[in-house]
Every structure is written in C-alpha cells, then in structure tokens.
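One letter stands for each residue in the lines below.
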Number of protein chains: 6
Amino acid sequence: MIYVTRRERFCAAHRLVRDEWSEEKNDEVFGKCSNPNWHGHNYVLFVTVKGNQNPETGFIVNIKHLSKIIKEKVITKLDHKNINLEVDFMQGKMASTENIVIGIWEELEPVINALGIQLHCIKVQETENNFVEYYGN
Amino acid sequence: MIYVTRRERFCAAHRLVRDEWSEEKNDEVFGKCSNPNWHGHNYVLFVTVKGNQNPETGFIVNIKHLSKIIKEKVITKLDHKNINLEVDFMQGKMASTENIVIGIWEELEPVINALGIQLHCIKVQETENNFVEYYGN
Amino acid sequence: MIYVTRRERFCAAHRLVRDEWSEEKNDEVFGKCSNPNWHGHNYVLFVTVKGNQNPETGFIVNIKHLSKIIKEKVITKLDHKNINLEVDFMQGKMASTENIVIGIWEELEPVINALGIQLHCIKVQETENNFVEYYGN
Amino acid sequence: MIYVTRRERFCAAHRLVRDEWSEEKNDEVFGKCSNPNWHGHNYVLFVTVKGNQNPETGFIVNIKHLSKIIKEKVITKLDHKNINLEVDFMQGKMASTENIVIGIWEELEPVINALGIQLHCIKVQETENNFVEYYGN
Amino acid sequence: MIYVTRRERFCAAHRLVRDEWSEEKNDEVFGKCSNPNWHGHNYVLFVTVKGNQNPETGFIVNIKHLSKIIKEKVITKLDHKNINLEVDFMQGKMASTENIVIGIWEELEPVINALGIQLHCIKVQETENNFVEYYGN
Amino acid sequence: MIYVTRRERFCAAHRLVRDEWSEEKNDEVFGKCSNPNWHGHNYVLFVTVKGNQNPETGFIVNIKHLSKIIKEKVITKLDHKNINLEVDFMQGKMASTENIVIGIWEELEPVINALGIQLHCIKVQETENNFVEYYGN
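Treat the numbers as computed from the prediction; the structure is a model and nothing was measured. (Residues numbered from 1 in each chain as written. Chains lettered and ligands numbered in written order. Predicted model: local features only at pLDDT ≥ 70, side-chain atom pairs only at ≥ 80, totals over all residues. Heavy atoms only, no water.)

Q: Help me understand the overall build of chain A in this model?
A: Looking only at helices and strands, chain A has four helices and five strands in total. Counting from the amino terminus, chain A carries its helices and strands in the arrangement β-α-β-α-β-α-α-β-β. Expressed as lengths along the three principal axes of its C-alpha atoms, the size of chain A is roughly 60 × 25 × 25 Å. The buried share of chain A, taken over its 137 residues, is 64%. Of note, chain A has its 16 positive side-chain charges centred 7 Å away from the centre of its 19 negative side-chain charges. (Helix = DSSP H or I, 4+ residues; strand = E, 2+ residues; numbered from the N terminus. Buried < 20%, exposed > 50% of the residue type's maximum accessible area, 1.4 Å probe, protein only. Lys, Arg positive; Asp, Glu negative; His and termini not counted. Charge placed at Lys NZ, Arg CZ, Asp CG, Glu CD.)

Next up, the structure:
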C-alpha cells in the first residue's frame with residue numbers, strides 16, 4: 001500500500017452560528033467566529049489516496065487526474081464562495097472544519113473509488129495553527 | 001539604521017466591487033473576487049520599523065510593545081471582520097490589498113512615530129502567491 | 001472518528017547530559033547538544049485529539065478551549081524556560097525530544113479525557129529537520 | 001512506541017517514460033513530465049523510525065547517526081543526479097515518486113533494523129503540492 | 001509607490017559547465033552542479049512590479065493579468081524544461097540563477113512596461129537556502 | 001548589481017538582562033526573555049551579498065564558498081552556544097537580535113570584501129514572528 005497526497009487550496013467566507021441560539025449564546029460558544037458579517041480563510045486541502053501501483057506507469061494515480069477531480073468536485077464549489085450560503089454539500093450543517101472534511105470526503109469518495117483506488121484521508125487546514133483530518137467511518 | 005519586523009495575522013472576509021459598474025463589468029474585471037456573498041483570506045501582516053538602538057536595551061523597539069500596538073490599532077479592527085462593511089479605515093475604498101496596506105500605514109504611522117522611531121514598510125500577504133508592500137509616500 | 005490538531009510554540013533552553021558519564025563520553029554521544037552553557041530551540045508542538053462531533057456545534061472540541069488547556073498545562077511551563085532546570089514534569093529525565101513528548105502527553109491526557117474526547121498524538125518539532133511523535137502506550 | 005523523523009533533501013533530474021510506448025502515448029499519459037531533455041525537483045525526504053527508548057540516552061535513535069546513514073545510503077546516490085540514469089536502486093523502474101519511496105525503503109530498512117529499531121515510513125515530497133508515503137509491505 | 005509581488009513556480013533541469021574548461025576544472029569550480037547527466041530544482045519565482053493605483057480598481061495591476069503574462073512569457077519556457085538546452089533566452093549563457101533572473105527580467109520588462117507600470121525586482125529561489133534578486137541595471 | 005542570499009541556521013541560548021538593573025526592572029522591560037536560567041531559539045540567518053557577475057562562472061559569488069565562510073566565521077561561534085557567555089563578538093553587549101545582526105555584519109564584512117564583492121544585508125529571524133535586518137552604517 002502506497003499513499004499519495006495532493007494539496008489544493010480554496011479561499012472562502014464562513015461563520016459559525018446556530019440559528020436557534022440567542023446572539024449571546026452564539027457569541028459565548030463561537031466568539032468572533034460567529035460574526036454575522038462573515039470572515040474567511042485560505043483553506044488548504046490535502047487529499048490522500050491509497051492503492052496498488054499501476055505496473056505500466058508506476059503510479060497509484062495519475063496526479064494530474066487526481067488534481068482535476070478535486071478541482072471539479074470540490075474546489076470549484078468552495079473557492080471564493082460563502083460556505084454557509086453557497087456550497088451544496090454544506091447546506092443545513094454548521095460550517096465547521098469538521099463538517100467541511102466530512103463533506104469533502106462524501107463528494108470525493110465515489111469518484112476516487114471509480115478509479116480503482118481508495119480515499120484514505122481528507123485533511124483541511126484552516127489556519128497555520130488548526131487542522132482537521134477525517135479517514136471515513 | 002536597523003530594521004525590525006513583526007508578523008501578525010488576521011482572518012477576514014471581503015469582496016472587490018465597484019457599485020456604479022454592472023454585475024457583468026465587475027465580474028469581467030474582478031472575476032470570482034467579486035462574489036456578492038463574500039469570500040475571505042488568512043491575511044499575514046508584516047510591519048517593519050527602523051531607528052537607532054536604545055543604548056540601554058539594545059532594542060530599536062520593544063517588540064512586545066510593537067506587537068501590542070499593531071494588535072490594538074489594526075488587528076482588532078480587521079480580524080474576523082468583513083473588510084468592506086466593518087473596518088472604519090477602509091470605508092469608501094475598494095477592499096484591495098493595495099488599499100489595505102495604505103490603510104494600515106495610516107493607522108500605524110502616528111503611533112509608531114510617537115515611539116521615536118519610523119515606520120518603514122507595511123507588507124500584506126493575501127495568499128501564498130500574492131503580496132503587496134507600501135513604504136509611505 | 002475525526003482528528004483535530006492544534007499547533008502551539010515554545011522557546012526553551014536545554015542540554016543533553018548524563019551526570020554519571022565523563023565529559024568526554026557526554027561529548028562523544030551527545031556532541032554539541034551537551035554544551036554545559038546550554039543552547040535552545042523554537043519548539044513547535046502539535047496536539048491531536050480525536051472523538052465524535054458535538055451535534056450542536058459540529059466540533060470535536062472547541063479549539064479555543066483546547067488551546068487554553070495546552071497553554072495552561074504545557075506552554076507556561078516550557079516557554080522561555082530551561083527544560084533541564086525548571087520544568088517539573090522533566091525533572092530526573094534526559095531533556096530529549098522523546099522525553100518531552102511523553103511528558104507533555106502525561107500532562108495533557110487526563111485533562112483532555114475530562115472533556116469527553118481522547119488524546120491521539122503529541123508531536124514536537126525541535127528543528128526544521130527533526131520531529132518526534134508519541135501516541136501513548 | 002515513539003516515532004522519530006529526520007528530514008533530508010536532494011535535488012535531482014528525472015523524466016517519466018515507457019520506452020515501448022510511442023512518443024504520443026508517453027506525452028498523453030505523462031505530459032510534460034516525459035520531456036526527453038529531463039526536468040528536475042528539490043525532493044524532500046522524511047524518514048520515520050520507531051522503537052523503544054534507550055534508557056541511557058532517552059533516544060530512539062541518535063539523530064546524528066540516523067542522518068549519517070540516510071546521507072550515505074540514499075542522499076549521495078540521489079543528490080545532483082539523474083534518477084533515470086545514475087541511481088542504482090532505480091534501474092529498470094519508472095522514475096515515479098512511488099518507486100522512489102519503495103527504493104529508498106529497500107536501501108534503508110536493513111541498516112535501520114541493524115540499529116535495533118524499525119523503519120516506519122518513507123515520505124518523499126516532489127513539489128509543494130505532491131507527496132508519497134510508504135510504510136513497507 | 002506601491003509594490004505588488006506575484007509568486008510562480010517552475011521545475012527544471014540544468015547543469016553548470018564551461019565547455020572550454022576540462023572536466024576537472026568544471027568539477028573543481030562547480031562541483032556536483034556540473035554533473036553531465038543533469039540535476040534539477042523546484043525554482044520559485046517572485047515578480048515585483050510597482051506603480052500608482054488605478055483609481056477605479058484600487059489595483060497597481062490586476063494580479064490575474066500579471067500571472068497570465070508571467071506564465072506565457074516565462075513559465076511555459078522554463079517549466080519541465082532543460083534550462084541549458086531548451087530555453088531560448090538562456091542560450092549561450094551559464095545556467096546560473098544569476099543569469100536566470102537577468103533573462104527573466106529581459107523577457108518581462110517590455111510587457112510589464114506596456115501595462116503602464118514598472119518591473120521592480122525578479123527574485124528566483126533555487127533551494128530553500130539560496131536565492132538571487134535583480135533590480136535591473 | 002545582482003544580490004545573492006544564503007540562508008544558514010544556528011540554535012543558541014541567550015537571555016536579555018542589564019546587570020545594573022534590579023530583577024524587577026529587568027523583568028518589567030524584558031519579561032520572560034530575562035529568565036536567569038536562559039531560554040533559546042532556532043535562529044535563521046540570511047546573508048545577502050551584491051556585486052558584478054564573474055564572466056566565466058556567471059556567479060556573483062560561488063555559493064559554496066559563501067556558505068563555508070559564513071559557517072567558519074559565524075555559525076561555529078553561535079550554533080549550540082550560549083550567546084551571552086560564549087560568543088566572542090557579543091561580549092559586553094545585550095544579546096538582542098539587533099546586536100546579533102551588527103555583530104555578524106562586523107565578522108563577515110572584511111572577509112566578504114576580500115572576495116571582491118560587498119556585504120549588503122544581514123537578516124536574523126528569531127521566531128516566526130520577529131526578524132531584524134541590518135545594511136551596515
């Protein structure tokens with residue numbers, strides 16, 4: 001088993017808010033991340049796949065294909081968007097990095113599987129101090 | 001002359017838009033940066049000051065004081081904010097990185113001067129591929 | 001299972017030395033790391049926790065709480081300190097990065113568990129070329 | 001079990017090509033990576049070993065010894081070389097990062113084992129956007 | 001005057017060699033950089049332009065246009081190429097980073113000037129430890 | 001004029017203290033940087049030289065020679081040392097980064113001049129948030 005990772009990036013706006021909570025409660029739990037006027041991040045996404053080598057190419061996956069799939073399925077939906085308002089797979093969910101990695105996993109897993117390899121990990125870095133990883137369930 | 005630089009960070013939402021232009025024109029000039037639902041960045045700010053050494057401390061400036069000033073005058077206004085809607089020194093201006101460096105310069109210059117040193121450069125990195133520097137006029 | 005990682009930093013002095021060894025033996029094994037006048041590093045600490053999502057917040061852990069705990073339990077003990085002389089959980093141990101990660105694990109594990117989540121990994125980077133990871137025993 | 005990682009670097013030329021394929025097929029599959037005049041990279045290598053602590057030193061491995069072994073067994077063979085033409089353990093293989101991590105694993109595993117510890121992972125970063133990891137088979 | 005910098009990257013092969021010198025002399029002066037089988041790097045290019053703000057956009061230059069120009073004029077010529085053999089503006093010159101920054105300056109200056117702004121600096125990073133800057137003559 | 005920069009690193013212990021001041025005053029001015037038991041940093045040094053190209057090599061300076069000089073004159077004196085106690089060119093001075101850059105400048109300038117080129121800038125990064133630059137007087 002060999003693991004191949006591709007890094008991609010997206011810049012997006014979001015906020016953390018629970019509508020049924022008061023403004024005070026949102027502020028207490030989420031602090032400045034709850035600002036109603038939004039804020040944003042340069043998110044960094046790492047997609048790791050695993051599998052056996054193609055005997056002809058020596059590849060697990062052609063990284064150009066992997067990059068193209070990630071861009072089409074994920075980056076175009078997230079980049080320069082508002083995660084709360086505009087991203088179909090995030091509707092009805094808190095716009096936390098935890099939910100972003102799960103959402104990206106669900107978008108990518110069937111397409112990655114169709115290539116005959118497996119999705120291993122989705123990692124999203126929100127700032128230089130915080131990142132979240134998901135390995136499926 | 002010795003130059004001392006302090007790095008600080010802020011995460012913010014913004015968009016590039018010219019109200020008197022049509023949506024098509026805004027889209028043509030600013031592309032996805034004009035998204036009406038906002039997007040955002042992890043901005044990185046570098047403040048460079050210059051001056052002569054304090055003979056007692058060996059410092060140009062006590063970097064803890066410099067950091068405190070930058071946080072009070074600039075970071076609290078920008079961090080987890082919407083640059084177009086919420087930042088006083090950006091009102092009525094395009095929320096471009098060029099205007100952000102000028103705005104930060106104007107906020108910091110009088111306070112830096114009051115310390116007996118000079119502001120030398122404001123640098124703001126918007127993404128890993130783009131940054132803007134301003135040395136005053 | 002989702003994994004959340006927080007990065008924190010501490011600057012500290014240390015040396016590697018075995019008191020019962022001669023200076024020559026210490027020098028042979030530990031080289032310049034054994035300098036009796038100390039040296040130091042900008043250590044970078046990565047704390048990874050795992051658990052299930054809080055259904056209300058979408059969080060594994062509120063990262064601000066996690067950061068506060070790490071600062072109180074670990075960073076205040078290590079930052080701008082002498083690891084050999086001043087850090088309670090390092091007393092009587094070689095000040096190697098291996099022992100630092102174990103020491104930090106033991107400081108953090110009970111407090112992390114008390115939050116209803118699990119400590120997964122302590123990673124400490126000593127220089128850009130060296131890091132150590134510990135997953136508990 | 002504690003994991004210790006050492007980072008080393010090598011700059012090398014390579015190309016991806018399958019001799020029995022036509023130029024068109026090579027170009028279609030490998031694109032610009034197939035350029036007959038070569039191209040190159042600043043490869044970054046991370047070698048992770050695991051084991052129990054030496055009770056006298058607090059080390060899993062003396063990182064200076066580990067670095068020396070990696071340089072002697074791997075870096076001198078790869079650095080400022082042509083991977084396709086000059087690296088003995090890559091002869092007859094596609095010069096993909098997947099094959100490079102396997103090749104480095106096979107070079108290092110016996111020497112690491114001889115130290116009484118285990119090789120855990122070989123990671124090679126080809127560009128800031130791509131890396132490959134191998135944990136043995 | 002405001003300065004805007006765009007980062008781009010190219011991966012290329014090269015060697016340092018002076019044909020009229022013996023192999024020994026080349027080896028003595030250029031060391032492993034003279035390997036006849038080539039080696040390569042992940043070069044990082046920083047292009048800095050300066051000028052006055054466009055009153056309508058707040059830009060010195062539309063960074064998307066700047067990136068497009070750099071890619072068309074420079075990156076397509078260098079990326080995944082052999083600098084000694086395939087890059088028109090490097091023919092007859094030593095493939096040193098010094099000559100690369102001069103060559104890129106000459107390619108870009110007329111096109112940048114045609115935008116009504118000025119080229120300020122070409123910086124090329126060859127490895128994490130070496131970079132060269134050129135401000136024109 | 002072309003500028004060439006070499007990066008080197010040193011890990012060292014230091015403290016900021018003014019002996020004629022009370023402990024309280026030292027603590028008030030220097031805070032935790034005044035800890036009598038020392039602390040330390042992974043310092044990063046950037047040495048920039050400028051000059052005209054050697055017509056035979058295309059170099060301003062052979063970067064291997066420059067690196068060797070920096071290591072011999074500066075790094076061996078600072079790396080894994082106590083800056084207050086052990087570094088000859090820092091004796092009798094506050095161990096601030098401002099004084100470190102001046103000290104390194106004075107060590108290197110005559111040797112760089114002897115190569116027929118000029119020293120342009122000494123930059124020392126103390127942490128990821130602070131750095132100091134000196135261009136001579």
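Q: Hey, could you run me through the relation of the copies chain A and chain C in this one?
A: Both copies of the chain are related by a screw-like operation: a rotation about an axis and a shift along it. After a rotation of 120° and a shift along the axis of 0.0 Å, chain A superposes on chain C with an RMSD of 0.0 Å. Taken together, the rotation and translation describe the operation of a three-fold axis. For chain A, the smallest separation between a C-alpha atom and the rotation axis is recorded for Glu128(A), amounting to 9.0 Å. (Least-squares fit on C-alpha atoms with pLDDT ≥ 70 in both.)

Q: Looking at this structure, how should I read the relation of the copies chain A and chain B?
A: In the superposition of chain A on chain B (RMSD 0.0 Å, axial shift 0.0 Å), the rotation amounts to 180°. Classification of the inter-copy transformation places it as that of a two-fold axis. In this assembly the copies share their binding face: 100% of the residues contributing to the interface of chain A also contribute to that of chain B. (Contact = heavy atoms within 4.5 Å.)

Q: Help me understand the pattern of salt bridges, please; the structure alone is not making it clear to me.
A: Two side chains of opposite charge can pair, provided their charged atoms sit close to one another. The full count for this structure, using the stated rule, is 60 salt bridges over all chains. Measuring nitrogen to oxygen at the nearest pair gives 3.3 Å for the salt bridge that ties Arg7(C) to Glu128(A). Remark: Glu128(A) occurs in the loop between β4 (118-127) and β5 (130-134) and Arg7(C) occurs in strand β1 (residues 2-14); the pair is interchain, linking two chains. The exposure class of Arg7(C) is buried, given its relative accessible area of 10%. (Salt bridge = Lys/Arg side-chain N within 4 Å of Asp/Glu carboxyl O.)

Q: Can you help me understand the environment of Ile117(B) in this one?
A: All names here are of chain B. Positionally, Ile117 belongs in the loop between α4 (97-113) and β4 (118-127). A residue is classified by how much of its surface remains accessible, and Ile117, at 6% relative accessible area, is buried. Sequence separation of Ile117 and Gln53 is 64 residues, and the distance between their C-alpha atoms is 9.7 Å. Once residues lying within four places of it in the same chain are set aside, the contact partners of Ile117 are Val49, Lys50, Gly51, Ile60, Val61 and Ile112.

Q: Got a minute to help me understand the interface of chain A and chain C in this structure?
A: It is common to give the size of an interface as the accessible area that goes away when the parts come together. Counting residues at the interface gives 20 residues for chain A and 19 residues for chain C. Interface area for chain A against chain C, summed over the two sides, is near 1,600 Å², with a carbon-plus-sulfur share of 49%. When the buried area of chain A at its contact with chain C is split by residue, Glu98(A), Asn129(A) and Phe131(A) rank highest and sum to 32% of it. Joining chain A to chain C, the criterion identifies one salt bridge. Listing elements by their share of the side of chain A that touches chain C, those giving two or more residues are α1 (23-30), α4 (97-113) and β5 of chain A. Of all the elements, β5(A) adds the most residues to the side of chain A that touches chain C, at five residues. Class assignment of the residues belonging to the side of chain A that touches chain C gives a composition of ten nonpolar, five polar and five charged. Relative to β1(C), β5(A) runs antiparallel, the two sharing five bridges. Counterpart to Asn130(A) in the pairing with β1(C) is Arg6(C). (Buried area = accessible area lost by both parts, 1.4 Å probe. Nonpolar A, V, L, I, M, F, W, Y, C, P; charged D, E, K, R; others polar. Pairing = 2+ DSSP bridges.)

Q: Please clarify how the packing of helix α2 (residues 63-78) of chain D against helix α4 (residues 97-113) of chain D should be interpreted in this entry.
A: When two helices pack together, their arrangement is captured by the angle between the axes and the distance separating the axes. All names here are of chain D. The N-to-C vectors of α2 and α4 enclose an angle of 150°; their axes lie 11 Å apart at closest approach. Taken as axis vectors, α2 and α4 run roughly antiparallel relative to one another. Of the two possible hands of crossing, α2 and α4 adopt the one that is right-handed. Residues Leu66, Ile69, Ile70, Lys73, Val74, Lys77 and Leu78 of α2 form the contact with α4, whose participating residues are Ile104, Glu107, Leu108, Val111 and Ile112. By residue class, the composition of the contact of α2 with α4 is nine nonpolar, no polar and three charged. (Axes fitted to C-alpha atoms, helices over the stretch in contact; angles between N-to-C directions. Parallel < 35°, antiparallel > 145°, perpendicular 65-115°, else oblique. Left-handed = near helix turned anticlockwise from the far one by under 90°.)

Q: Help me understand the interface of chain A and chain B, please; the structure alone is not making it clear to me.
A: The interface of chain A with chain B comprises 24 residues on the first partner and 24 residues on the second. Contact between chain A and chain B buries roughly 2,000 Å² in total, counting both sides, with carbon and sulfur atoms accounting for 44%. By the criterion of area lost to chain B, the three top residues of chain A are Asn37(A), Asn42(A) and His80(A), representing 29% of everything that side buries. The tally of links from chain A across to chain B stands at six salt bridges. Across the pair Asp79(B) and Lys32(A) runs a salt bridge, and its minimum N-O distance is 2.7 Å. For the pair chain A and chain B, the interface holds 21 residue pairs in polar contact (both at pLDDT 80 or more). When contributions to the side of chain A that touches chain B are tallied by element, the ones reaching two or more residues are β1 (2-14), β2 (39-51), β3 (81-82), α3 (83-86) and β4 of chain A. (Polar contact = N/O pair within 3.5 Å; in protein donor to acceptor, adjacent residues only side chain to side chain.)

Q: What should I look at first to understand the state of the cysteines in this one?
A: Working definition: the covalent bond between the sulfur atoms of two cysteines is a disulfide. For the structure shown, the criterion picks out zero disulfides over all chains. We note that Cys11(A) lacks a disulfide partner, and the nearest cysteine sulfur, in Cys33(B), lies 8.4 Å from it. (Disulfide = S-S within 2.5 Å.)

Q: How should the packing of aromatic side chains be read in this particular structure?
A: Aromatic rings considered in pairs are described by the distance between their centres and by the relative angle of their planes. One pass over the structure, following the stated rule, counts 30 aromatic pairs over all chains. Between Phe59(B) and Phe30(F) the ring centres are 5.6 Å apart and the planes differ by 80°, which places this aromatic pair in the edge-to-face class. On the criterion of chain membership, the pair formed by Phe59(B) in the loop between β2 (39-51) and α2 (63-78) and Phe30(F) in helix α1 (residues 23-30) is interchain, its members lying in two chains. On the basis of relative accessible area, Phe30(F) is assigned to the buried category, the value being 2%. Seen from their ring centres, Tyr135(C) and Tyr3(D) are 5.4 Å apart, and the 85° between their planes marks the pair as edge-to-face. One end of the pair, Tyr135(C), is in the segment after β5 (130-134); the other, Tyr3(D), is in strand β1 (residues 2-14), on a second chain. Using a relative accessible area of 14% as the deciding quantity, one classes Tyr3(D) as buried. Linked through ring pairs, Trp21(A), Phe30(A) and Phe59(C) together constitute an aromatic cluster. The positively charged end of Lys123(B) is found above the aromatic ring belonging to Phe46(B), 4.9 Å away from the centroid. We note Lys123(F) situated over the ring of Phe131(F); from NZ or CZ to the ring centre the distance is 4.1 Å. (Phe/Tyr/Trp six-rings, centres within 6.5 Å; stacked < 30°, edge-to-face > 60°. Lys NZ or Arg CZ within 6 Å of the ring centre and 35° of its normal.)

Q: Hey, could you run me through a negative patch on the surface in this one?
A: All names here are of chain A. A contiguous patch of negative charge on the surface is contributed by Glu23, Glu24, Asp27 and Glu28. Mapped onto the secondary structure, Asp27 falls in helix α1. Classification of Asp27 by relative accessible area gives partly exposed; the value is 48%. (Patch = residues over 30% accessible without salt bridge, like charges linked within 9 Å, V, L, I, M, F, W, Y side chains within 5 Å. Areas by Shrake-Rupley, 256 points an atom, 1.4 Å probe, with all protein chains shown as cover.)

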